[in-house]
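# Residue-level structure breakdown
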Amino acid sequence: MSDTPSNEEQYPELTESERLRIRAEMRYALVAAQESKPPEKAKPMYEKALGFLSNGFVLLIVGALITSFLVPHFQRNYEQRKQQLGLMQECLGQFLLYSNSIWQEYYAILPLTQEQEIDKAMYVKYMNDIAQIKLKRYDAFAKVQALAVVFRQNDKSKNNPVDASLKKYAIELNTASAAIDKWLRGLYCTPSTREDSPCSEFDPRFDPFSEYEKIKGLVIKIGNEDSDNVAELMVQKINQLNKGGSDAND
């Protein structure tokens, strides 16, 4: 018979009170260990956002939204701005043709500046030549008016700088054109070497040279300064839109 004590004799069974005491001590030690750890720092918002966006499903949703909505939106805006720029440039080109017509009319009568009077055949010839210039002018101005709508953008009213400048310029140009017609009629109707006038009425004070000098002053102002001001305004609006500015109506 062996003298070695059995397991029960070597490790006597603990009493119930001892077990409860050991469990209480272990729970206390666990709580103490947890409280001794430094508190975890809260993650910044940008780290949380990056963590959220790094999710594969979220990236898939974001990519779908960009492809479906943002890309077509930017594409439409680009196409609309490109079309608007093209119309603005076309309007500027038509305005230059329109404003240049007063110079054509002015130089058309230049050969007559050396005359004191003209006969009916010459008067009719020059009136027909000027009429052709005016017809082309009216056509160019109609196109300018139609295209000038593009400068309004979201402003549906006609009270904008381009419309106002075009209206003022048209009045001044028509004034100069009417002065040329009046000068040409005066040259035909006012007798100089003739005894009688071919017209029922005429101004005996008409002087071809002095009246021509007045026309010259009008045409130079309208054809240079005034036309440059309108064209510069159009170019300014074109540059604003070309740079992506939203203040093209200002």
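The shown structure was predicted, so the numbers you read here are calculated from the model rather than taken from an experiment.

Right, let's talk about the overall build of the chain for a bit. Secondary structure assignment for the chain yields seven helices and zero strands. The order of α-helices and β-strands along the chain, N terminus first, is α-α-α-α-α-α-α. Looking at the chain alone, contacts between residues at least 24 apart form 77% of all its contacts between residues at least 6 apart. Total accessible area on the chain is roughly 17,800 Å²; 57% of this is exposed by carbon and sulfur atoms.

Now for the packing of helix α5 (residues 120-147) against helix α6 (residues 161-189). Between α5 and α6, the least distance of the axes is 10 Å, while the angle of their chain directions is 175°. Judged on the interaxial angle alone, α6 and α5 are roughly antiparallel. Contact residues: α5 offers Lys120, Tyr123, Tyr126, Met127, Ile130, Lys134, Arg137, Phe141 and Val144, while α6 offers Leu166, Ala170, Leu173, Ser177, Ile180, Asp181, Leu184, Arg185 and Tyr188. Among the residues forming the contact of α5 with α6, the class breakdown is 12 nonpolar, one polar and five charged.

Looking now at the pattern of salt bridges. Within this structure, the stated rule accounts for nine salt bridges. Ionic pairing is found between Asp163 and Arg152, a salt bridge with its closest N-O pair at 2.8 Å. Pair noted here: Asp163 is in helix α6 and Arg152 is in the loop between α5 and α6, with a separation of 11 residues, a long-range link. Here Asp163 falls in the buried class, since its relative accessible area comes to 14%.

Let's shift gears to the state of the cysteines. Summed over the entire model, instances satisfying the criterion amount to one disulfide. Here Cys189 engages in a disulfide with Cys199; their sulfurs sit 1.9 Å apart. The S-S bond linking Cys189 to Cys199 shows a torsion near -65°; that makes this disulfide left-handed. In this pair, Cys189 is assigned in helix α6 and Cys199 in the loop between α6 and α7 (208-242), connecting sequence segments 10 residues apart. Like Cys189, the residue Cys199 is buried in the burial classification.

Attention now moves to the nonpolar core. By size, the foremost hydrophobic cluster in this structure holds 46 residues, and its most contacted members are Phe95, Tyr98, Phe151, Leu166, Trp183 and Met234. Listed by contribution, the elements that provide at least two residues to this core are α4 (56-108), α5, α6 and α7. For this core, the element with the most residues is α6, which contributes 12 residues. Excluding anything up to four places from it in sequence, Leu166 contacts Phe95, Phe141, Val144, Ala148, Val230 and Met234.

Aromatic ring pairs: the centre-centre distance and the angle between the two ring planes describe each pair. Throughout the structure, instances matching the rule amount to 10 aromatic pairs. Residues Tyr98 and Tyr169 carry aromatic rings whose centres are separated by 6.0 Å and whose planes lie at 65° to one another, so their mutual orientation is edge-to-face. On the criterion of sequence distance, the pair formed by Tyr98 in helix α4 and Tyr169 in helix α6 is long-range, its members being 71 residues apart. Tyr98 sits in the buried class, given a relative accessible area of 2%. Judged by centre distance (5.2 Å) and plane angle (70°), the ring pair of Tyr106 and Tyr107 falls under edge-to-face. Residue Tyr106 is classed as buried on the basis of its relative accessible area of 7%. We classify Tyr107 as partly exposed; its relative accessible area is 48%.

The terminal C-alpha atoms of α7, which comprises 35 residues, lie 49 Å apart, in line with the 51 Å expected from a rise of 1.5 Å per residue. For α7, the principal kink sits at Ser227 and spans about 30°.

Right, let's talk about the environment of Cys189 for a bit. In this structure Cys189 comes out as buried when scored by relative accessible area, which is 2%. For the pair Cys189 and Cys199, spaced 10 residues apart in the sequence, the C-alpha separation amounts to 5.4 Å. Non-local contacts of Cys189, meaning those with residues more than four positions away in its chain, are made with Arg194, Ser197, Pro198, Cys199, Glu201 and Phe202.

Turning to the environment of Gln132, a few remarks are in order. When you line up the elements, Gln132 lands in helix α5. Of the residues examined, Gln132 reaches a relative accessible area of 49% and is grouped as partly exposed.

Scoring rules and cut-offs
Residues numbered from 1 in each chain as written. Predicted model: local features only at pLDDT ≥ 70, side-chain atom pairs only at ≥ 80, totals over all residues. Heavy atoms only, no water. Helix = DSSP H or I, 4+ residues; strand = E, 2+ residues; numbered from the N terminus. Contact = heavy atoms within 4.5 Å. Areas by Shrake-Rupley, 256 points an atom, 1.4 Å probe, with all protein chains shown as cover. Axes fitted to C-alpha atoms, helices over the stretch in contact; angles between N-to-C directions. Parallel < 35°, antiparallel > 145°, perpendicular 65-115°, else oblique. Nonpolar A, V, L, I, M, F, W, Y, C, P; charged D, E, K, R; others polar. Salt bridge = Lys/Arg side-chain N within 4 Å of Asp/Glu carboxyl O. Buried < 20%, exposed > 50% of the residue type's maximum accessible area, 1.4 Å probe, protein only. Disulfide = S-S within 2.5 Å. Core = buried A, V, L, I, M, F, W, Y, C linked by side-chain atoms within 4.5 Å. Phe/Tyr/Trp six-rings, centres within 6.5 Å; stacked < 30°, edge-to-face > 60°. Expected span 1.5 Å × (residues − 1). Bend = angle between axes of the 7 residues up to and from the residue.

Remember that the coordinates give geometry; whether it matters functionally is a separate question.
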